[in-house]
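Overview (structure and organization)
Chain by chain, the residues:
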Amino acid sequence: MKFIPKRVTKTYKQINSGSPDVVFPLLCPVREGDWLEDWEYEMIFSKSGLAEKGCIFTTPFNETTDTYWYVTVHNSETKEIEFLRMAIPEIIIKINIKLEDNHNGTTSTAISYEYTALNEKQNEWIENESDTYFNNMMKEWEKSINHYIKTGERLHLK
C-alpha cells in the first residue's frame with residue numbers, strides 16, 4: 001500500500017509583552033537560547049551570525065535524527081519570519097510568524113505551523129497527538145518569551 005502523508009495546519013495567537021521591535025529579534029536561533037529553556041542549536045550558515053533569509057541551522061529532533069531549519073522569509077520591516085523545518089525521514093514543518101503592534105506596548109503574534117508527515121508514525125502523531133503538543137508548546141513559548149521580556153531572565157519550567 002502506498003504511503004499517503006497527512007498534512008495539517010495549526011494556528012495560535014500570542015500576546016507578547018513588548019513591541020514588535022522587542023519581540024522580533026528574539027525569533028532567532030541564537031536569541032532563543034536567551035528565553036527558551038533547553039534550546040539547543042548549531043548554526044550552519046548565516047552571514048550575520050543571526051536569523052536572516054537563507055540562514056540554516058540544526059536542532060535535535062530525536063535520538064537519531066536532527067532537524068534542519070531554513071529561514072525562507074525574514075522581514076524586519078513587516079515583522080514576519082518563516083522557517084522550513086525538515087526532520088528527514090520523519091516530518092516537514094513550515095512555520096510562519098507575523099507580528100502586529102497593538103500600540104499599547106504589546107504585540108499580537110500570529111503563529112502558523114503546517115505539519116506534513118513523511119511516514120506512518122508521523123501520520124499517527126498528527127492524527128492523535130499534534131493538537132495537544134502544539135497547544136502546550138505555544139503556551140510554554142508565550143509564557144517563556146513574556147517572562148524574558150519582563151525580567152531579562154530565562155523562565156525555568158521543568
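Just above sits the structure.
Below you will find a few notes about this structure.

Parameters at a glance
- Along every chain, residues carry numbers that run from 1 in the direction the sequence is written.
- Local features are withheld for residues below a pLDDT of 70 in this predicted model, meaning they are given only at 70 or higher, and side-chain atom pairs are given and counted only at 80 or more; totals for whole chains, interfaces and linings count all residues.
- To get the side-chain values, all heavy atoms of the structure are used, and hydrogens and water are removed first.
- Within this document, salt bridges are pairs made up of a side-chain nitrogen of Lys or Arg and a carboxyl oxygen of Asp or Glu, the two lying within 4 Å of each other.
- Where helices and strands are cited, they refer to DSSP runs of H or I of at least four residues and of E of at least two residues respectively, numbered from the N terminus.
- Summary of the burial criterion: residues with accessible area below 20% of their type's maximum are buried, those above 50% are exposed, and those between are partly exposed, where the area comes from a 1.4 Å probe applied to protein chains only.
- Put simply, two rings from Phe, Tyr or Trp (the six-membered ring, in Trp's case) pair if the centres are within 6.5 Å, and we call them stacked under 30 degrees between planes, edge-to-face over 60, tilted for the rest.
- In this description, strands pair whenever DSSP reports at least two bridges between them.
- Each axis is a line fitted through C-alpha atoms, taken for helices only over the stretch in contact, and angles between the N-to-C directions span 0 to 180 degrees.
- Between the first and last residue of a helix there are one fewer steps than residues, each counted as 1.5 Å, and that sum is the expected span.
- In what follows, residue pairs with any heavy atoms lying within 4.5 Å of each other are defined as contacts.
- Distance and chemistry together define a polar contact, namely a pair of N or O atoms within 3.5 Å, with one atom able to donate a hydrogen and the other to accept it when in protein, and with adjacent residues in sequence counting only for side-chain atoms on both sides.

**A short note on the pattern of salt bridges**
Summed over all chains, the structure comprises five salt bridges. Across the salt bridge formed by Asp 21 and Lys 79, the nearest N and O atoms sit 3.0 Å from each other. Here Asp 21, found in helix H1 (residues 20-23), pairs with Lys 79, found in the loop between strand E4 (66-75) and strand E5 (80-87); they are 58 residues apart in sequence, far enough to count as distant. The class for Asp 21 is exposed, based on a relative accessible area of 57%. Using a relative accessible area of 14% as the deciding quantity, one classes Lys 79 as buried.

**Some thoughts on the packing of aromatic side chains**
Counted according to the given criterion, the structure contains ten aromatic pairs. Seen from their ring centres, Tyr 115 and Trp 125 are 5.3 Å apart, and the 65° between their planes marks the pair as edge-to-face. With Tyr 115 in strand E7 (residues 107-117) and Trp 125 in helix H3 (residues 120-128), the pair connects residues that are ten residues apart, well separated along the chain. By relative accessible area, which is 1% here, Tyr 115 ends up buried. Taking the relative accessible area as the measure of exposure, Trp 125 reaches 17% and is therefore buried. Measuring from ring centre to ring centre gives 5.5 Å for Trp 125 and Tyr 133, while their planes differ by 65°; the resulting arrangement is edge-to-face. In textbook terms, an aromatic cluster arises when at least three aromatic residues are bridged by ring pairs, as seen for Tyr 113, Tyr 115, Trp 125, Tyr 133 and Phe 134.

**Here's the deal with the sheet that holds strand E2 (residues 42-45)**
Taken in spatial order, the seven strands of this open sheet run E1-E7-E6-E5-E4-E3-E2, and their pairing is antiparallel. Of all strands in the sheet, those bounded by a partner on one side alone are strand E1 (7-16) and E2. Shown here is a sheet whose adjacent strand axes are inclined to one another by a mean of 20°, direction ignored. Bridge analysis of strand E3 (residues 56-60) against E4 gives five bridges, and the strand direction is antiparallel. The residue bridging Phe 57 from the neighbouring strand is Trp 69, located in E4.

**Things to note about helix H4 (residues 130-151)**
The terminal C-alpha atoms of H4 lie 31 Å apart, and with 22 residues this matches the ideal 32 Å at 1.5 Å per residue to within 8%. Listed in full, the buried residues belonging to H4 are Ser 130, Phe 134, Met 137, Met 138, Trp 141, Glu 142, Ser 144, Ile 145, Asn 146 and Tyr 148. The elements touched by buried residues of H4 are E1, H1, helix H2 (29-35), strand E6 (91-101), E7 and H3. A positive phi of about 75° marks Gly 152, the residue just after H4.

**Comments concerning the environment of His 74**
Considering the arrangement of structural elements, one finds His 74 in strand E4. Here His 74 falls in the partly exposed class, since its relative accessible area comes to 28%. In this structure, the C-alpha to C-alpha distance between His 74 and Ile 97, residues 23 residues apart in sequence, is 9.8 Å. Not counting chain neighbours up to four residues away, the residues in contact with His 74 comprise Phe 24, Ala 51, Glu 52, Lys 53, Glu 80 and Ile 81. A polar side-chain atom of His 74 sits 3.4 Å from the main-chain carbonyl oxygen of Ala 51.

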